[in-house]
Amino acid sequence: MTAHHFDVVVVGGGSAGSVLAARLSENADRQVALIEAGGAPTDPDIAKPAMWPFIQGRDYDWAYETVPQPGTANRIHPWPRGRVLGGSSCLHAMAHVRGHPDDFAVWAEATGSDRWSYDGLLPGFLHSERFSGGASESHGGDGPLPVWLPGEEVNPVVRAYIAAGHERGVPTLPDHNGRNLNGTSPNSLTIRDGKRVSAADAYLTDDVRARPNLTILTGVSVHRLVIDGNRVTGLAVTRDGRDETITGDEIILSTGSVATPLLLMRSGFGDPDVLRRAGVDCRLSRPAIGQNLHDHLLGAGNVYRSSQAVPPTKLQHSESLMYLNAADITEAKGVPDIVLGCVTGPSVSESFSAVAPGFAYTFLFGVTHPTSRGYLAIGGPDLDDKPVIDPAYLQTDHDRTTFRRALEAAREIGSSQALTAWKAEELLPGPGVRTTAEIDDFIARAVITHHHPVGTCRMGRDAGAIVDADLHFNGLDNLSIVDASVIPTITSGPVHAAVLAIAETFAAGRR
């Protein structure tokens with residue numbers, strides 16, 4: 001059975017897909033289809049900001065996991081990814097951070113296009129956001145996504161942590177979305193009226209869904225691309241229990257850094273050896289598909305027992321980030337090397353016994369620009385075959401050395417006078433952990449994903465790049481990729497804001 005034919009088919013109703021469906025369907029003459037494997041978000045916990053750590057693993061999570069990681073004490077890391085309209089924006093911690101301008105200079109150099117520089121992306125950033133402080137040169141005021149900078153709602157422990165940064169000379173930032181990133185501020189959050197706002201909430205409003213030229217198909221499993229010569233003619237899918245083909249003049253993949261390369265591999269594009277082992281015939285040799293996988297890690301964590309009761313969060317637990325120059329935390333310029341985050345509860349990895357909430361707080365610590373690079377691959381020809389995900393965590397001297405410095409910085413902040421009223425004692429890693437070997441062992445057991453996988457279909461102008469500067473797939477005439485997989489090198493902070501800007505920028509070029 002063959003479904004209706006569309007001008008544009010967007011595969012994946014997550015963050016980038018929501019943007020593309022809304023923006024491309026603004027042209028009433030263009031028939032647009034948005035295909036999503038999950039359904040509408042019906043779990044009321046999704047909308048509750050403080051519930052975000054507890055909704056992972058539910059039936060709207062793809063629930064990927066890595067292979068055992070030698071750099072993290074051979075642990076297997078859960079990798080939640082949203083299977084729902086709104087995608088992972090229904091699961092993430094809602095912090096909105098664009099990144100440092102120099103992050104994007106690397107993208108511009110890789111592609112040879114200023115479109116992917118900070119200034120090139122700035123219209124996309126501005127177009128996406130509705131900042132609580134109103135429009136300015138730095139912020140958008142009438143975009144679809146609310147970006148809220150909290151004030152009095154910030155927890156008193158977090159206020160003391162920010163004050164501790166000031167005491168140590170850490171620069172003060174008005175927020176994390178200007179041209180300088182080194183410093184501290186309360187987190188800007190994608191929350192409105194106390195509720196999470198996903199990308200689908202923001203972009204796929206009732207008015208947008210009512211457009212006669214936009215068709216949203218949910219509960220659709222996409223097995224592979226249907227190819228005729230150098231064109232993708234459609235998608236082999238299962239919908240309502242029936243196998244069929246959805247056809248389109250143009251296909252845009254927006255299923256993310258995990259699902260996009262897996263779909264390409266199931267379709268016969270990738271490393272011939274990987275495909276052969278998975279039982280898939282190679283149609284087009286593209287060895288770089290699935291390579292260059294990298295992600296942010298956070299140490300969970302530098303935990304302190306509090307001398308007084310810690311009030312529960314009014315936000316989403318992780319209320320403030322502190323981006324720092326590793327050599328000099330007072331340095332305001334340049335790209336940050338490390339990041340700290342203040343969590344109002346005792347956040348720890350599964351390696352440690354849970355600490356009772358109410359009388360403990362945590363400083364998360366991480367590396368902004370890891371140099372470890374891994375890969376992912378299909379485990380078989382079918383959608384249900386478990387993929388191989390190997391982010392190669394902590395495999396470079398740079399990452400291990402910089403992580404030690406990040407923990408050291410967390411402890412420096414934790415021992416500041418401004419936190420005296422709160423700190424009773426350090427619980428983790430504990431005052432006895434001081435040698436390099438002890439610190440490395442603790443970090444290996446403490447790190448968890450920051451949920452920012454990127455890079456598996458990187459953009460560039462070299463022969464190995466998967467997409468070009470226009471995000472067109474190299475080797476097919478009518479296929480594009482617009483999601484976090486095209487990011488060649490990770491931004492300093494959470495990648496969600498950048499993914500929205502990538503999609504906005506791509507769509508702006510199609511108006």
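The structure displayed is predicted, hence computed values, not measured ones.

Chemist: Explain the packing of aromatic side chains to me, using residue names and the numbers behind them.
Modeler: Taken as a whole and assessed by the stated rule, the structure comprises 13 aromatic pairs. Measuring from ring centre to ring centre gives 5.8 Å for Tyr 361 and Phe 363, while their planes differ by 50°; the resulting arrangement is tilted. Each of the two residues, Tyr 361 as well as Phe 363, counts as buried. Look at Phe 365 and Phe 442: their rings are 6.5 Å apart centre to centre, the planes differ by 25°, and that puts the pair in the stacked class.

Chemist: How would you summarise the packing of helix H1 (residues 15–24) against helix H11 (residues 496–508) if you had to cite specific residues and measurements?
Modeler: Relative orientation of the contacting elements H1 and H11 amounts to 30°, with a least axis distance of 9 Å. In this view, H1 runs roughly parallel relative to H11, as classed from their interaxial angle. Seen along the crossing, H1 lies across H11 with a hand that is right-handed. Here Ser 15, Ala 16, Val 19, Leu 20, Arg 23 and Leu 24 of H1 come into contact with H11, specifically with His 496, Val 499, Leu 500, Ala 503, Glu 504, Phe 506 and Ala 507. In the contact of H1 with H11, the residues fall into 9 nonpolar, 2 polar and 2 charged.

Chemist: Tell me about the side chain of Glu 319, and name the residues and values.
Modeler: Position of Glu 319 relative to the elements: it lies in strand S18 (residues 318–324). One buried charge, Glu 319, has no salt-bridge partner; the nearest side chain with opposite charge is Arg 159, at 7.5 Å. One polar contact links the side chain of Glu 319 to the main-chain amide nitrogen of Asn 155, over a distance of 2.8 Å. Other than its neighbours up to four places away in sequence, Glu 319 contacts Glu 153, Val 154, Asn 155, Val 158, Pro 186, Asn 187, Thr 313, Lys 314, Cys 342 and Thr 344.

Chemist: Quick one: what's the story with the nonpolar core, residue by residue and with numbers?
Modeler: For soluble globular proteins, the rule of thumb is that nonpolar side chains tend to be buried together. In terms of nonpolar packing, the biggest core is built from 133 residues, with Leu 225 and Leu 264 touching the most fellow members. Top element by residues in this core is H11. It accounts for 9 residues. With near-sequence residues (within four places) excluded, Leu 225 lies in contact with Val 232, Gly 234, Leu 235, Leu 253, Leu 263, Leu 264, Ser 267, Phe 269 and Leu 479. Counting 9 residues, the second-largest nonpolar core is a separate cluster that includes Val 97, Ala 300, Tyr 323 and Leu 364.

Chemist: If you had to explain H1 to someone new, which residues and values would you point to?
Modeler: Summarising burial for H1: 10 of the 10 residues are buried, a large majority. Inspection of H1 places Ser 15, Ala 16, Gly 17, Ser 18, Val 19, Leu 20, Ala 21, Ala 22, Arg 23 and Leu 24 among the buried residues, and these make up the whole buried set.

Chemist: Which residues make up the environment of Leu 122, and what values do they have?
Modeler: Mapped onto the secondary structure, Leu 122 falls in helix H3 (residues 118–128). A relative accessible area of 15% means that Leu 122 is categorised as buried. For the pair Leu 122 and Gly 464, spaced 342 residues apart in the sequence, the C-alpha separation amounts to 28 Å. Beyond its immediate chain neighbours, meaning those up to four positions away, Leu 122 contacts Arg 98, Glu 137 and Arg 179.

Chemist: Quick one: what's the story with helix H7 (residues 256–266), residue by residue and with numbers?
Modeler: With 11 of its 11 residues buried, H7 lies for the most part within the structure. For H7, every residue scored as buried is listed here: Gly 256, Ser 257, Val 258, Ala 259, Thr 260, Pro 261, Leu 262, Leu 263, Leu 264, Met 265 and Arg 266. Remark: Gly 268 follows H7 within two positions and exhibits a positive phi of approximately 100°.

Chemist: Break down the sheet that holds strand S16 (residues 291–293) for me, with residues and values.
Modeler: The strand order across the open sheet built from 3 strands is S16-S21-S22, with neighbouring strands paired in antiparallel fashion. This sheet does not close on itself; its edge strands, each paired only once, are S16 and strand S22 (388–390). For this sheet the average axis-to-axis angle between neighbouring strands, irrespective of direction, equals 35°. Pairing of S16 with strand S21 (residues 374–377), which is carried by 2 bridges, proceeds in the antiparallel orientation. From the neighbouring strand, Gln 291 faces S21, where its bridge partner is Tyr 375. The strands touched by H7 within the sheet are S21 and S22, with S21 carrying the most contacts at an inclination of about 50°.

So, how was this worked out
- Residues numbered from 1 in each chain as written.
- Predicted model: local features only at pLDDT ≥ 70, side-chain atom pairs only at ≥ 80, totals over all residues.
- Heavy atoms only, no water.
- Phe/Tyr/Trp six-rings, centres within 6.5 Å; stacked < 30°, edge-to-face > 60°.
- Buried < 20%, exposed > 50% of the residue type's maximum accessible area, 1.4 Å probe, protein only.
- Axes fitted to C-alpha atoms, helices over the stretch in contact; angles between N-to-C directions.
- Helix = DSSP H or I, 4+ residues; strand = E, 2+ residues; numbered from the N terminus.
- Parallel < 35°, antiparallel > 145°, perpendicular 65-115°, else oblique.
- Left-handed = near helix turned anticlockwise from the far one by under 90°.
- Contact = heavy atoms within 4.5 Å.
- Nonpolar A, V, L, I, M, F, W, Y, C, P; charged D, E, K, R; others polar.
- Lys, Arg positive; Asp, Glu negative; His and termini not counted.
- Salt bridge = Lys/Arg side-chain N within 4 Å of Asp/Glu carboxyl O.
- Polar contact = N/O pair within 3.5 Å; in protein donor to acceptor, adjacent residues only side chain to side chain.
- Core = buried A, V, L, I, M, F, W, Y, C linked by side-chain atoms within 4.5 Å.
- Pairing = 2+ DSSP bridges.

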